[in-house]
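Here are the chains, one letter per residue:
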Amino acid sequence: MHKLLYKEGSNVLLLGNEAIARGFIEAGGGFAAAYPGTPSTEIVESLAEVSEAYGYYVEWSVNEKVALESAFGASISGVRSLAAMKHVGLNVAADAFASIGYVDTKAGLVIVSAEDPNMWSSQNEQDNRLYGMLAYIPVLEPSSPQEAKELTKAAFDLSEKIGHAVLMTPTTRVTHTRAPVAYERPMPVKRMGYFSKDPKRFTLIPSNSRSKRKMLPEKWEKIRDALEVLTPYNRVENQESDKVAIVASGISYPYVKEATEEIGKYRIIKISSPVPLPKKLILKGLEDVNKVLVVEELEPVVENQIRKYVDEEGLDVAIEGKNYVGYFGEMRLDRARKSIREFLGLPVPEKTYKNINIELPDRPPSLCPGCPHRATFYSLKRAVNSLLIKPIYSGDIGCYSLGINPPYNEQDIIIEMGGSIGVANGLSHAAEGQIPIAIIGDSTFYHAGVPPLINAVYNRAPMLVVVMDNRITAMTGEQPNPGSGFNAIGAESEAIDIATLAKAIGVEKVIEFDPFDISKATEALKEALSYVKEERRPAVAIAKKACALYAMRIARKRKVEVPIYQVIEDKCTACGICYNALACPAILVKDDKKAWIDPSLCTGCGVCAQVCPFDAIKPIKEIPKGWDEIWE
Amino acid sequence: MGVRPKFINIVICGVGGQGIITLSRIMAESAIKDGVNAIISETHGLSQRGGSVEVHVRIGEAYSPLISKGEADLLLSTEIIETARNISYIKEGGVVITSDTMVRPPIPGVKLPKKEDIIREMEKNKIEYYLIPSRAIAERLGSYLVENVVLLGAIYKVGGLNRFISMESLKESLSSLRNPEINIKAFEEGYEYASKKL
């Protein structure tokens, strides 16, 4: 049975994201939308797995902006709605987010932005609690999976109580932590509602916006009042302990709790609603206190509000925070311990660490065995070299970002989703004698690649756009996208063809190719690059082949045996092309420098057999029937 | 045996795809069955693509999800280069349970360290370690996929986990895996191998 289907009263080991999903279920949520992104993906992924049993609507949206707008649309129809995304996804959704605060929502609207301090799988570590301040949207910050579930429910209640969207900002250390979560009874799902017209309320034309804007500060104070009683998530612990207090926001709480218990009993002001910070609670926590340490990750969001309150009340309390705790990265027990002890004037224990004094090779993540991106990078480099052009590889966010590594070195710029084509627009007009090659995946193309491609056609920006279409959103774990042919709950759906779309936009040169056919792929890329060079217009080349992990899953399902390849010992000359230039992780080097293919890793893509100049790599068995189809 | 400590800190490391997250879940689910708290913290995203992976498991009355360097009671590793990379997690008196398997990072011209050098360094540092031929054992049992469970058997024998998790709960969790028989066999083989080394 799926974990999210267990009965109330169960105590279940859940990932923080699954706990948020369970919170949505217990709150009777009727609509959930998201664009996948680590560390947020499992919220809607797990909701999709059990949607049939509970009866709510769930979708993978084309991007975060649409996910948020959709959830808003459902909310004002009277259905409890959730939009989930990773923190940088809120940038994409920001246009909607920044104005939703002006509108009175109807049914609860909860936006989850999974934060990633330390950038475990992100390009930056922006603190989205600041977005809450910018947009007048309250922010809740859970400290554990259990609390993430409870706060999700509290967020729906709060949202309805104040008629306002609520943002929740769990960090990686909540969303990707597994801990036991206690289940309660789900409320009945309200799947459909009714939209009652009220243009004054829902249309932000300037005259309406002005009157809404004037009311915002007052509404903000009502929200603050509501958060004063967000117990037990906001609370003061050990009130009897005076003189000093330590404030812990969100995930910093368990670290502060553990670090203080090692040295005694200290007053802790635990915060789960950093924006707006409840003032009365803080003042109560600061009674009989002459100095306070604020422990929070990233920006001094809570700290600055406490400074304001202390100033407003004329209190004599010394406020410390970032000067002890620092800005960068996520909280660690060590970091909390050192900050707190230094603040208290206690000695910080010296630690010695075990050390192995040997040089160790790095182990960066790499493209999987049989990954079609590897084959495309290989052919693209050959095409570029044979035409003697100077390429700029304008990269993007996805598995193909790994093309940054040797031996490919085919990602020169990576900023954000869709940035490959956007940045290439500028490069094509400003970088002399160079040709920008934008490299983008299928999901990223649908997400944010279409407008910059329209821009390239309309403004005549010569560039090659290589769409690495592996049929699904691979990096985050194989979620379907508009090109996959099925939706979040596995129902069939019309795939939106990238080549047709590019042609409709007005791209003259659109070529599709099979990246596993190295010579044809190289020819296709040469043709497209020559067109860009000579015609000075954009071209689109689409590499079509399924993600290898996805293909292997289909092979198992259809019981198609993988045709593993092997190296013919006598023919191998130890030239190293297969393991150095193609660099598939399934190909290992023996002591005599000859190649050996690990049968447990080989996915039967057959690309190594084509790049071997000595015809030394062959499949062990005949290629089975239905093999090509699993990669479609 | 004395009083059971409040918690036990375990860092599990290896290469993405070696079943590290599965191991952590078996431990935590078994602990919960026994009414003991457990927290697992993981990092994925990029690291699942054959990169280094570390998962932190805390069993008992612990609050914070991450284990600091020098504070792990146990380091469980499915790959020996990763053992060396993560050795600083081990506290004074901590125990290392490592596979002897070495996985080559797929980097052109990569220079691999020697197993013997890693072992010699552990000895020089006076680290208590158990070197488990998990691949050979798994191969003998007929599945590469159970290497991780062989190591689970070994850590259960030598790591003091039995003070937090009962054998019954562990075996029950293993029974819920795809191939229960071979997984339970792998667990027992690992357990026995470690017993002989005691």
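Source: prediction; values computed, not measured. (Residues numbered from 1 in each chain as written. Chains lettered and ligands numbered in written order. Predicted model: local features only at pLDDT ≥ 70, side-chain atom pairs only at ≥ 80, totals over all residues. Heavy atoms only, no water.)

Enquirer: In this structure, what is going on with the interface of chain B and chain A? I would like to understand it.
Expert: The extent of an interface is frequently quoted as the accessible surface area lost upon association of the parts. At the interface, 65 residues of chain B touch 55 residues of chain A. Of the roughly 5,100 Å² buried between chain B and chain A on both sides combined, carbon and sulfur atoms contribute 59%. Scanning the region where chain B abuts chain A turns up seven salt bridges. Two residues, B:Glu92 and A:Lys354, come together in a salt bridge whose shortest N-O distance is 3.2 Å. (Contact = heavy atoms within 4.5 Å. Buried area = accessible area lost by both parts, 1.4 Å probe. Salt bridge = Lys/Arg side-chain N within 4 Å of Asp/Glu carboxyl O.)

Enquirer: What is the right way to look at the pairing of strand E5 (residues 109-114) of chain A in this model?
Expert: Each regular strand displays side chains that alternate between the two surfaces of the sheet. All names here are of chain A. With six of six residues buried, E5 is to be regarded as a mostly interior element. Burial along E5 is two-sided: Leu 109, Ile 111 and Ser 113 facing one way and Val 110, Val 112 and Ala 114 facing the other are all buried. Note: strand E4 (residues 81-86) against E5, six bridges, orientation parallel. Note on E5: the bridge partner recorded for Leu 82 is Val 110. (Buried < 20%, exposed > 50% of the residue type's maximum accessible area, 1.4 Å probe, protein only. Helix = DSSP H or I, 4+ residues; strand = E, 2+ residues; numbered from the N terminus. Pairing = 2+ DSSP bridges.)

Enquirer: How should the environment of A:Ala528 be read in this particular structure?
Expert: Following the sequence through the fold, A:Ala528 ends up in helix H21 (residues 518-535). For the pair A:Ala528 and A:Gly370, spaced 158 residues apart in sequence, the C-alpha separation works out to 25 Å.

Enquirer: I keep staring at the pattern of salt bridges and nothing clicks. Help me out?
Expert: Any two side chains of opposite charge can pair, so long as their charged atoms come close to each other. In this structure the tally under the stated criterion is 61 salt bridges over all chains. Across the pair B:Arg58 and A:Glu258 runs a salt bridge whose closest N-O atoms are separated by 2.7 Å. A residue pair is termed interchain when its members come from two chains, as with B:Arg58 in strand E3 (residues 52-60) and A:Glu258 in helix H12 (residues 252-261). With a relative accessible area of 1%, B:Arg58 lands in the buried category.

Enquirer: What's the story with the domain arrangement of chain A in this structure? I'm lost.
Expert: Segmentation of chain A into domains returns domain 1 (3-228), domain 2 (235-344), domain 3 (372-554) and domain 4 (561-630). Each of domain 2 of chain A and domain 3 of chain A has a C-alpha centre, and these two points are 48 Å apart. (Domains from an automatic or database assignment.)

Enquirer: Teacher, can you tell me more about the environment of A:Arg337 here?
Expert: Its location among the elements puts A:Arg337 in helix H16 (residues 333-344). Spatially, the C-alpha atom of A:Arg337 lies 7.5 Å from that of A:Val256, the residues being 81 residues apart in sequence. Those residues in contact with A:Arg337, other than ones at most four positions away along the chain, are A:Ala259, A:Glu262, A:Lys351 and B:Glu71. Of note is the side chain of A:Arg337, whose polar atom sits 3.1 Å from the side chain of A:Asp334. (Polar contact = N/O pair within 3.5 Å; in protein donor to acceptor, adjacent residues only side chain to side chain.)

Enquirer: Would you mind showing me how to read the side chain of A:His373 here?
Expert: Note that A:His373 resides in helix H17 (residues 372-387). If sequence neighbours within four positions are ignored, A:His373 has contacts with A:Leu367, A:Cys399, A:Tyr400, A:Met468 and A:Asn470.

Enquirer: Looking at this model, I keep getting lost on the packing of helix H1 (residues 16-26) of chain A against helix H8 (residues 145-162) of chain A. Mind explaining?
Expert: Axes are the key here: two packed helices are described by the angle between their axes and the distance separating the axes. Residue and element names in this part refer to chain A. Direction vectors running N to C along H1 and H8 enclose 35°, while the axes themselves pass 8 Å from each other. Seen from above, H1 lies across H8 with right-handed handedness. On the side of H1, the interface is formed by Gly 16, Ala 19, Ile 20, Arg 22, Gly 23, Phe 24 and Glu 26, while H8 contributes Pro 145, Ala 148, Lys 149, Thr 152, Lys 153 and Phe 156. Class assignment for the residues of the contact of H1 with H8 results in six nonpolar, three polar and four charged. (Axes fitted to C-alpha atoms, helices over the stretch in contact; angles between N-to-C directions. Left-handed = near helix turned anticlockwise from the far one by under 90°. Nonpolar A, V, L, I, M, F, W, Y, C, P; charged D, E, K, R; others polar.)

Enquirer: Explanation requested: the sheet that holds strand E14 (residues 391-394) of chain A in the structure shown.
Expert: Residue and element names in this part refer to chain A. Here five strands make up an open sheet; going across it, the order is E14-E15-E16-E18-E17 and the pairing parallel. Looking at strand neighbours, the two that pair on one side only are E14 and strand E17 (509-513), the edges of this open sheet. Averaged over neighbouring strand pairs, the angle between their axes works out to 20° when direction is ignored. Bridge count between strand E15 (residues 435-441) and strand E16 (residues 464-469): five bridges; the pairing is parallel. What sits directly across from Ile 439, in E16, is Val 466. Taken strand by strand, H21 contacts E15, E16, E17 and strand E18 (539-544), and its axis lies near 170° from that of E17.

Enquirer: So what exactly am I meant to see when it comes to the nonpolar core here?
Expert: A general feature of soluble globular proteins is that nonpolar side chains tend to end up buried together. Residue and element names in this part refer to chain A. Membership of the largest hydrophobic core comes to 92 residues, with the highest contact counts inside it found for Leu 47, Leu 68, Leu 82 and Phe 97. In contact with Leu 82, not counting residues within four places along its chain, are Ile 20, Phe 24, Phe 31, Ala 32, Ala 33, Ile 43, Ala 71, Val 110, Val 112, Thr 152 and Phe 156. Tyr 408, Ile 439, Val 450 and Val 540 belong to the second-largest nonpolar core, a separate cluster that totals 52 residues. (Core = buried A, V, L, I, M, F, W, Y, C linked by side-chain atoms within 4.5 Å.)

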